[in-house]
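The primary structure of each chain is shown beneath.
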Amino acid sequence: MQKYQQTRIMSFTLHCNEIFNKAIEDYHTKDNIDTPISNPYERESIENRLYLKCWIDTVQWHLEDIIRDPHIDPLEALSLKRRIDRSNQDRTDLVEQIDSFFRQKYSDVNPLPDARLNTESPAWAIDRLSILALKIYHMREQAERPDATPEHRKQCQGKLNVLLEQQKDLGLAIDQLLEDIENGRKYMKVYRQMKMYNDPSTNPVLYKKK
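These numbers come from a predicted model, not from an experiment.

Asker: So what's going on with the packing of aromatic side chains? Residues and values would help.
Answerer: Using the criterion set out here, one finds six aromatic pairs in the structure. Aromatic pair Phe-12 and Phe-102: ring centres 5.6 Å apart, planes at 75°, arrangement edge-to-face. Pair noted here: Phe-12 is in helix α1 (residues 12-28) and Phe-102 is in helix α3 (residues 74-105), with a separation of 90 residues, a long-range link. Both residues of the pair, Phe-12 and Phe-102, count as buried. Both rings, one in Tyr-41 and one in Tyr-51, keep their centres 5.9 Å apart while their planes meet at 65°; by these two values the pair is edge-to-face. A residue pair is termed long-range when its members are at least 10 positions apart, and Tyr-41 in the loop between α1 and α2 (46-67) and Tyr-51 in helix α2 qualify at ten residues. Taking relative accessible area as the criterion, Tyr-51 reaches 1% and is therefore assigned buried. Pairwise contacts between aromatic rings join Phe-12, Phe-101, Phe-102 and Tyr-106 into one cluster.

What follows is the structure, encoded as structure tokens:
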């Protein structure tokens, strides 16, 4: 992937939020879980990966809404559950791609002798930032719902305010983490997700049926 040229004008996470908001808005032009993605960014760019990440999150958000219908047909629910499982795997794979971008970006940095390890990698923090953008979009919808009661809108506005503060704080924390890695104060390690239930050789329900 091409390296993102971070500037002093816009932090990396503000850039992320712009891309996430675009993906969410693009999805909601049709608001259909089967709408094909039309990624506007160059395939090898980090922007392309961020847009795809948020698109996957957005589709899965609505899949999770649909599957919670108490009157859903059981066969449809099973099909949706399988689709959500595939989506979760795609999401995990994409987070690892984004982490690979950061590993390459900071590959020439020599950590300081007292450099510390962070609790999570940059991409998994950005994963949370993408989900926050979705929460904000949908909570804002609820806060502005014309058919809802004033009390409902007031409660949702209060939750929206908290989400906006959380987005600001998380964005700052990610930017600080990236700055620390860039300056050798922290270093990153990437542990590939080893989801055993997706692997027919490690899921006993699957391998015992062979």
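Text resumes after the structure shown.
Asker: Tell me what's going on with the nonpolar core, and back it up with residues and numbers.
Answerer: One finds Phe-12, Phe-20, Leu-50, Phe-102, Ile-126 and Ile-174 to be the most contacted residues of the largest nonpolar core, which totals 45 residues. Looking at this core, the elements that each hand over two or more residues are α1, α2, α3, α4 (122-143) and α5 (150-182). The leading source of residues in this core is α4, at eleven residues. When near neighbours in sequence (up to four residues on either side) are disregarded, Ile-174 contacts Thr-13, Ala-125, Ile-126 and Leu-129.

Asker: Help me get a handle on the side chain of Asn-17, residues and values and all.
Answerer: Considering the arrangement of structural elements, one finds Asn-17 in helix α1. Owing to a relative accessible area of 11%, Asn-17 belongs among the buried residues under this scheme. Among all residues touching Asn-17, those that are not within four sequence positions of it are Leu-129 and Gln-167.

Definitions and cut-offs
Residues numbered from 1 in each chain as written. Predicted model: local features only at pLDDT ≥ 70, side-chain atom pairs only at ≥ 80, totals over all residues. Heavy atoms only, no water. Phe/Tyr/Trp six-rings, centres within 6.5 Å; stacked < 30°, edge-to-face > 60°. Helix = DSSP H or I, 4+ residues; strand = E, 2+ residues; numbered from the N terminus. Buried < 20%, exposed > 50% of the residue type's maximum accessible area, 1.4 Å probe, protein only. Core = buried A, V, L, I, M, F, W, Y, C linked by side-chain atoms within 4.5 Å. Contact = heavy atoms within 4.5 Å.

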